[in-house]
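# A structural walkthrough
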Amino acid sequence: MKKQYAAPQTEVNHADKSSGIENDELKYEYWMASLYKISDNRRRQACLLAGGARQLYRLSPEKLKGLHFFTEGEIKGLVSSRQAFDIEGE
């Protein structure tokens, strides 16, 4: 007689969407993903350096220059993309 193995039961933990925290973070992640002129690896590294997509979004151009990570053109692209997305209603 063959034994039948059942697929393991996994419980999916969905975040509480009513708080809006996860949705808010996704806005910044989406903004970061839109920076198509910067490679995926550089975006990931920049996000790690800054402490997250939200923190990267909030860095001033001077602080971005201070990271010695982005070119002048990339910094201009980051700043102009903030104006296009306007996540924080600035």
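Now for a quick tour of the structure. (Residues numbered from 1 in each chain as written. Predicted model: local features only at pLDDT ≥ 70, side-chain atom pairs only at ≥ 80, totals over all residues. Heavy atoms only, no water.)

## As for the overall build of the chain
In plain terms, the rule: Helix and strand labels come from DSSP, where a helix needs a run of H or I of at least four residues and a strand needs a run of E of at least two; each type is numbered from the N terminus. Working definition of accessibility: Shrake-Rupley area with a 1.4 Å probe, residue cover restricted to the visible protein chains.
For the chain, the count of helices and strands is five helices and zero strands. Along its sequence from the N terminus, the chain presents helices and strands in the succession α-α-α-α-α. Counting only carbon and sulfur atoms, one obtains 53% of the accessible surface of the chain, whose full area is about 7100 Å².

## Some remarks on the pattern of salt bridges
So the rule is basically this: Whenever Lys or Arg places a side-chain nitrogen within 4 Å of a carboxyl oxygen from Asp or Glu, that contact is recorded as a salt bridge.
For the structure on display, the rule yields four salt bridges. Across the pair Glu-25 and Arg-54 runs a salt bridge whose closest N-O atoms are separated by 2.7 Å. Residue Glu-25 is found in helix H1 (residues 21-33), and its partner Arg-54 is found in helix H3 (residues 53-58); the two are separated by 29 residues along the sequence. Via salt bridges that share partners, Asp-24, Glu-25 and Arg-54 belong to a single interconnected network.

## Details of the packing of aromatic side chains
In plain terms, the rule: Only centres within 6.5 Å qualify two rings of Phe, Tyr or Trp (six-membered ring in Trp) as a pair; their planes then separate them into stacked at under 30 degrees, edge-to-face at over 60, and tilted for everything else. Partly exposed describes any residue whose relative accessible area lies between the buried limit of under 20% and the exposed limit of over 50%, with all areas from a 1.4 Å probe on protein chains only and scaled to the type maximum. Distance and angle both matter: a charge sits over a ring if NZ of Lys or CZ of Arg is within 6 Å of the ring centre and within 35 degrees of the ring normal.
Here the structure, examined in full by the defined rule, presents four aromatic pairs. Ring geometry for Phe-69 and Phe-70: centres 5.1 Å apart, planes at 90°, overall edge-to-face. Accessibility classification places Phe-69 together with Phe-70 in one group, the buried group. A connected cluster of aromatic rings, assembled from ring pairs, spans Tyr-28, Trp-31 and Tyr-57. Positioned above the aromatic ring of Phe-69, the side-chain terminus of Arg-42 is 4.6 Å from the ring centre. Taking the ring centre of Tyr-57 as reference, the NZ or CZ of Arg-82 above it sits at 5.9 Å.

## Concerning unusual backbone geometry
One non-glycine residue, His-68, lies in the positive phi region at around 55°. When you line up the elements, His-68 lands in the loop between helix H4 (61-66) and helix H5 (72-85). Relative accessible area serves as the criterion here: at 72%, His-68 is assigned to the exposed category.

All we've got here are geometric facts, nothing functional implied.
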